[in-house]
Amino acid sequence: MAIGYTWNVSTVDTYPTLDGNADVVHNVHWRLTATDDANNDADGNAYTSSVYGTCGLDTSDISSFTAFADLSASDVQGWVEGTFGADDVAAKKESLDANIALQITPTSVTKTIG
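Let me sum up the structure you'll find in this document. Just so you know, these numbers come straight off a predicted model, no measurement behind them.

A count of helices and strands for the chain gives 2 helices and 3 strands. Counting helices and strands in the order they occur from the N terminus, the chain gives β-β-β-α-α. With respect to the principal axes defined by its C-alpha atoms, the chain has extents near 65 × 30 × 25 Å. Sorting the 114 residues of the chain into buried and exposed places 25% on the buried side. By sequence separation, contacts in the chain at least 24 residues apart represent 64% of the contacts at least 6 residues apart. When the accessible surface of the chain is totalled, it reaches about 7,300 Å², and 47% of it is carbon and sulfur.

Looking now at the pairing of strand S1 (residues 3-18). Note: S1 against strand S2 (residues 21-40), 13 bridges, orientation antiparallel. Each residue of the ladder has a partner; that of Gly4, found in S2, is Thr35. Between S1 and the antiparallel strand that follows it, S2, lie 2 residues; Asp19 among them carries a positive phi value of about 50 degrees.

Turning our attention to the packing of aromatic side chains. Counting across every chain of the model gives 3 aromatic pairs. Plain terms: the ring middles of Trp30 and Phe84 are 5.3 Å apart, the flat faces sit at 80 degrees to each other, and that makes the pair edge-to-face. In this pair, Trp30 sits in strand S2 while Phe84 sits in helix H1 (residues 73-84), placing the two residues 54 residues apart along the sequence. Pairwise contacts between aromatic rings join Trp7, Trp30 and Phe84 into one cluster. Residue placement shows Lys92 over the ring face of Phe84; its charged tip is 4.4 Å from the ring centre.

In this structure, the largest pocket spans a volume of roughly 290 Å³. Around the largest pocket sit Val24, Val25, Leu57, Asp58, Asp61, Ile62, Ser64, Phe65, Thr66, Leu71, Trp79 and Thr83, which together line it. Grouping the constituent residues of the lining of the largest pocket by class yields 7 nonpolar, 3 polar and 2 charged.

Right, let's get into the pairing of S2. Of the pairings in the sheet, the one linking S2 to strand S3 (residues 46-56) comprises 11 bridges and is antiparallel in character. Of the residues in S3, the one forming a bridge with Thr35 is Thr48. In sequence, S2 turns back onto S3 through a hairpin of 5 residues, with Gly44 there showing a positive phi of about 90 degrees.

Calculation criteria
- Residues numbered from 1 in each chain as written.
- Predicted model: local features only at pLDDT ≥ 70, side-chain atom pairs only at ≥ 80, totals over all residues.
- Heavy atoms only, no water.
- Helix = DSSP H or I, 4+ residues; strand = E, 2+ residues; numbered from the N terminus.
- Buried < 20%, exposed > 50% of the residue type's maximum accessible area, 1.4 Å probe, protein only.
- Contact = heavy atoms within 4.5 Å.
- Areas by Shrake-Rupley, 256 points an atom, 1.4 Å probe, with all protein chains shown as cover.
- Pairing = 2+ DSSP bridges.
- Phe/Tyr/Trp six-rings, centres within 6.5 Å; stacked < 30°, edge-to-face > 60°.
- Lys NZ or Arg CZ within 6 Å of the ring centre and 35° of its normal.
- 1 Å grid on protein atoms, 1.4 Å probe; cavity = no way out; pocket = protein on both sides within 12 Å on 5 of 7 lines; lining within 4 Å.
- Points joined across faces, edges and corners; volume = space filled by probe spheres on them.
- Nonpolar A, V, L, I, M, F, W, Y, C, P; charged D, E, K, R; others polar.

Next comes the structure, spelled out in structure tokens:
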């Protein structure tokens, strides 16, 4: 299985002003999507799985503040991954991998008697 991971961290909540800075990001709405580029479903689509949530950021020390207009998705992704920690990020990815594996080789299938 060749699984790639994509973060979507484009939606954030900001404080209009904090410590003299404008638009201070304090919460990130994130989605982590795994895509298996080696296996396709019956319709020819790659198997995918995703998980989403919000991540509150520590704004108690914003001495290294980056202006909102200068933020990139990779900056915000780094904050989210840093807040979660490497073990939690790895656990999220492992869970997505397991979900894709179950889509490819299900252990249970729901059917309707007609």
